[in-house]
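Read off the chains here:
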Amino acid sequence: KAGVTQTPRYLIKTRGQQVTLSCSPISGHRSVSWYQQTPGQGLQFLFEYFSETQRNKGNFPGRFSGRQFSNSRSEMNVSTLELGDSALYLCASSLDGHSNQPQHFGDGTRLSIL
Amino acid sequence: DAKTTQPPSMDCAEGRAANLPCNHSTISGNEYVYWYRQIHSQGPQYIIHGLKNNETNEMASLIITEDRKSSTLILPHATLRDTAVYYCIVSGSNYKLTFGKGTLLTVNP
């Protein structure tokens, strides 16, 4: 069974640009979550989607947004990029997002802002 | 979600059992204990989870105390490839995982 796939693996952008990251969940998984990992703040929750609806959102500015499609694939977008947005962005999927179901992570997209 | 406390680092000899402790004294009745690990530059890898009973799978065993205030992850025969940061997480009903700083386990030859 294929795991969570994130594209692209690496991305370089400049300040002020916007970026879209993509996540394909494990087949049959309907919940997709996004996390940001930086050396200073560690792993932080961004948002979670299920059936195209955002059910929870972390403490990030409105420049960070996401969406989920009917096939459960998800994208996240960051607008007006800042240097501090340089991070590893991780996507995780689970069957339904409930606490008794493990989330499975992809290997992330490493975003560098110049 | 309940907060967890883990030692920042531990060492283990290759071939020996690695026992990683975690305190979660404020855990509530419907919260699960999860363990993940992360090897540098990779996404976190799910290891095991449990509610109140001890659990075992092909990777590890999870021992949860009767009062559920602490748990131990056991890697029965640690190898060099088990060197990673191990995260203990208590997960409730809000569809997210809250990661702490974890324990850096170093397996030495």
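Scroll up to find the structure.
Quick summary incoming for the structure in this document. (Residues numbered from 1 in each chain as written. Chains lettered and ligands numbered in written order. Predicted model: local features only at pLDDT ≥ 70, side-chain atom pairs only at ≥ 80, totals over all residues. Heavy atoms only, no water.)

Considering the sheet that holds strand S2 (residues 18–23) of chain B
Strand order in the open sheet formed by four strands is S2-S7-S6-S5 (chain B), and the pairing between neighbours is antiparallel. Each edge of the sheet is formed by a strand with only one pairing partner; in this case those strands are S2 and strand S5 (55–56) of chain B. (Pairing = 2+ DSSP bridges. Helix = DSSP H or I, 4+ residues; strand = E, 2+ residues; numbered from the N terminus.)

Quick look at the interface of chain B and chain A
Taken together, the contact between chain B and chain A spans 19 residues of the former and 22 residues of the latter. Approximately 1700 Å² of surface area, both sides summed, lies buried where chain B meets chain A, with 55% of it carried by carbon and sulfur atoms. Counting the surface chain B buries against chain A, the share from its top three residues, Pro 44, Tyr 95 and Phe 99 of chain B, is 35%. Linking chain B to chain A there are zero salt bridges. On inspection of chain B and its partner chain A, the count reaches nine residue pairs in polar contact (both at pLDDT 80 or more). Among the elements of the structure, strand S3 (32–38), strand S4 (45–50) and strand S8 (84–91) of chain B are those that each provide at least two residues to the side of chain B that touches chain A. Among the elements that line the side of chain B that touches chain A, the one with the most residues is S3 of chain B, at four residues. Residues of the side of chain B that touches chain A, tallied by class, amount to nine nonpolar, nine polar and one charged. (Contact = heavy atoms within 4.5 Å. Buried area = accessible area lost by both parts, 1.4 Å probe. Salt bridge = Lys/Arg side-chain N within 4 Å of Asp/Glu carboxyl O. Polar contact = N/O pair within 3.5 Å; in protein donor to acceptor, adjacent residues only side chain to side chain. Nonpolar A, V, L, I, M, F, W, Y, C, P; charged D, E, K, R; others polar.)

Here we look at the side chain of Ser 72 of chain A
Residue and element names in this part refer to chain A. On the secondary structure map, Ser 72 appears in the loop between strand S7 (64–68) and strand S8 (74–78). By relative accessible area, Ser 72 is classed as buried at 11%. When residues no more than four places from it in sequence are discounted, the contact partners of Ser 72 are Pro 25, His 29, Arg 30 and Val 32. (Buried < 20%, exposed > 50% of the residue type's maximum accessible area, 1.4 Å probe, protein only.)

Notes on the sheet that holds strand S9 (residues 103–108) of chain B
All names here are of chain B. Across the sheet, five strands lie side by side as S1-S9-S8-S3-S4; this open sheet has mixed pairing. Each edge of the sheet is formed by a strand with only one pairing partner; in this case those strands are strand S1 (9–13) and S4. Pairs of neighbouring strands in the sheet enclose a mean axial angle of 25 degrees, with direction left out of account. Sheet topology note: the S8/S9 ladder contains three bridges and is antiparallel. Each bridged residue has a counterpart across the sheet, and for Ala 84 the counterpart in S9 is Leu 105. (Axes fitted to C-alpha atoms, helices over the stretch in contact; angles between N-to-C directions.)

These values are about where atoms sit, not about what they do.
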